[in-house]
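These are the residues of each chain, in order.
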Amino acid sequence: MDNLGDIRLFVETANLGGLSAAGRRLGLSPAAASARLVKLEAELNTRLFERTTRQLRLTEEGSLYLAHCIQALAALDDARAALLAGRTAVMGKIRIAATSDFGRRMLKKWLDEFGELYPQVQFALVLADSLSNLLQDDLDLAIRFDVPPDSSMVARKLAPNRRVLCASPSFIATHGVPANPGELDKFQCIVLCSTNGIANEWRFTQGQLSETYVVPSALARETNDGAVAREWAVEGKGIAMKSLWDIQEDLRSDRLCIVMPEWRTPELPVHAMYQRSRYMAPRVRALLDFLIARFADENTALESLLLSKGYI
């Protein structure tokens, strides 16, 4: 803790892009700020910045150290706020990531509801269909529909989920529907792509039967945005593989229909993911509890919807 001030100076320097600006914010002269940064680098035996006449640029080691310092300082600030306002104080900023379609259509609304309950909470919402790096992106929570085997993260199951094939009523009226996965090669398909590749391998089961259909890349519409894939399906551009959580409102309003409902796809439960070693502030714990309850309510409504539509 002796060099806590030096660490704050380092973080401010990285955030502001200059040592002089960071020193002014912390009430230090340029000479004092420079001396303290040199002292910190000496204690770590690591160069944190590459110095030029015009700017400071983080080294690779500096970037790694910065991510940990931000988390450590946030935990200390949270602890101080909790002591000043009470241990159950729910306040401050929550950084949360989610897939693009679910984030826009469901999570945004839920965060607004949570914000009404806790008006002293602010949000930083990151939407991306590829898995965010919780440490590098300084995230408190990530809501994911698939979970990588990463022991550094805790994955808390929020709700069951599976993906289904879906298409618009206009598409079905014009082109019909496949009776089984083997007939999908007669239809225009929409697939999601990411840095991990194209998600064009669709697996299905029906009782003891198991089939896999690989969508020909040359014949498919591709996008790296799940919301665009859903919109194309709604507009009648093809058959898409989408999470039930992403399309429930479209099913309810008959903008989309489930295709081949008797052929099931693998379960991909919804999880809240967070760093195993990261301090969980009261605001993050409150949001996690809120999401657990919200998903439970919505899952009941989703099951009722599928039953009413004859899909289960």
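These figures come from a predicted structure and were not determined experimentally.

Participant: Which residues make up helix 9 (residues 282-308), and what are the values?
Facilitator: With 27 residues, helix 9 extends 39 Å between its outermost C-alpha atoms, agreeing within 8% with the 39 Å of an ideal straight helix rising 1.5 Å per residue. G310 occupies a position one or two residues after helix 9 and carries a positive phi of about 80 degrees.

Participant: Residues and numbers for the environment of V38, please.
Facilitator: Topologically, V38 is positioned in helix 3 (residues 30-44). On the basis of relative accessible area, V38 is assigned to the partly exposed category, the value being 45%.

Participant: Kindly report on the packing of aromatic side chains, identifying the contributing residues and their values.
Facilitator: Evaluated as defined, the whole model comprises ten aromatic pairs. Ring geometry for F114 and F290: centres 5.4 Å apart, planes at 65 degrees, overall edge-to-face. Of the two residues, F114 sits in helix 5 (residues 100-117) while F290 sits in helix 9, which places them 176 residues apart along the sequence. The pair F114 / F290 is uniform in exposure class, with both members buried. Ring centres of W245 and F295 lie 5.0 Å apart, and the angle between their planes is 70 degrees; on these two criteria the pair is classed as edge-to-face. Residue W245 is located in helix 8 (residues 244-252), and its partner F295 is located in helix 9; the two are separated by 50 residues in the primary sequence. Given the relative accessible area of 1%, W245 is considered buried. With relative accessibility at 0%, the residue F295 sits in the buried group.

Participant: Provide a residue-level description of the environment of G197, including the pertinent values.
Facilitator: Within the fold, G197 resides in strand 9 (residues 197-198). Take G197: its relative accessible area is 32%, and that puts it in the partly exposed class. For the pair G197 and N224, spaced 27 residues apart in the sequence, the C-alpha separation amounts to 9.8 Å.

Participant: Could you give an account of the side chain of E41, with specific residues and numbers?
Facilitator: Relative to the elements of secondary structure, E41 occurs in helix 3. A residue is classified by how much of its surface remains accessible, and E41, at 9% relative accessible area, is buried. Within the structure, the side chain of E41 is placed 3.4 Å from the backbone nitrogen of F49, a separation counted as a polar contact. In this view, E41 contacts T46, R47, L48, F49 and R51; residues no more than four positions away in its chain are not counted.

Participant: Can you tell me about the pattern of salt bridges, naming the residues and giving the values?
Facilitator: Under the defined criterion, the tally for this structure stands at 19 salt bridges. Two residues, D6 and R36, come together in a salt bridge whose shortest N-O distance is 2.8 Å. Of this pair, D6 sits in helix 1 (residues 4-16) while R36 is found in helix 3, placing the two residues 30 residues apart along the sequence. For D6, a relative accessible area of 4% puts it in the buried group. Classification of R36 as partly exposed rests on a relative accessible area of 30%. Residues participating in the shared-partner salt-bridge network are D101, R105, R230, K242, D246, D250 and R255.

Procedures and definitions
Residues numbered from 1 in each chain as written. Predicted model: local features only at pLDDT ≥ 70, side-chain atom pairs only at ≥ 80, totals over all residues. Heavy atoms only, no water. Helix = DSSP H or I, 4+ residues; strand = E, 2+ residues; numbered from the N terminus. Expected span 1.5 Å × (residues − 1). Buried < 20%, exposed > 50% of the residue type's maximum accessible area, 1.4 Å probe, protein only. Phe/Tyr/Trp six-rings, centres within 6.5 Å; stacked < 30°, edge-to-face > 60°. Polar contact = N/O pair within 3.5 Å; in protein donor to acceptor, adjacent residues only side chain to side chain. Contact = heavy atoms within 4.5 Å. Salt bridge = Lys/Arg side-chain N within 4 Å of Asp/Glu carboxyl O.

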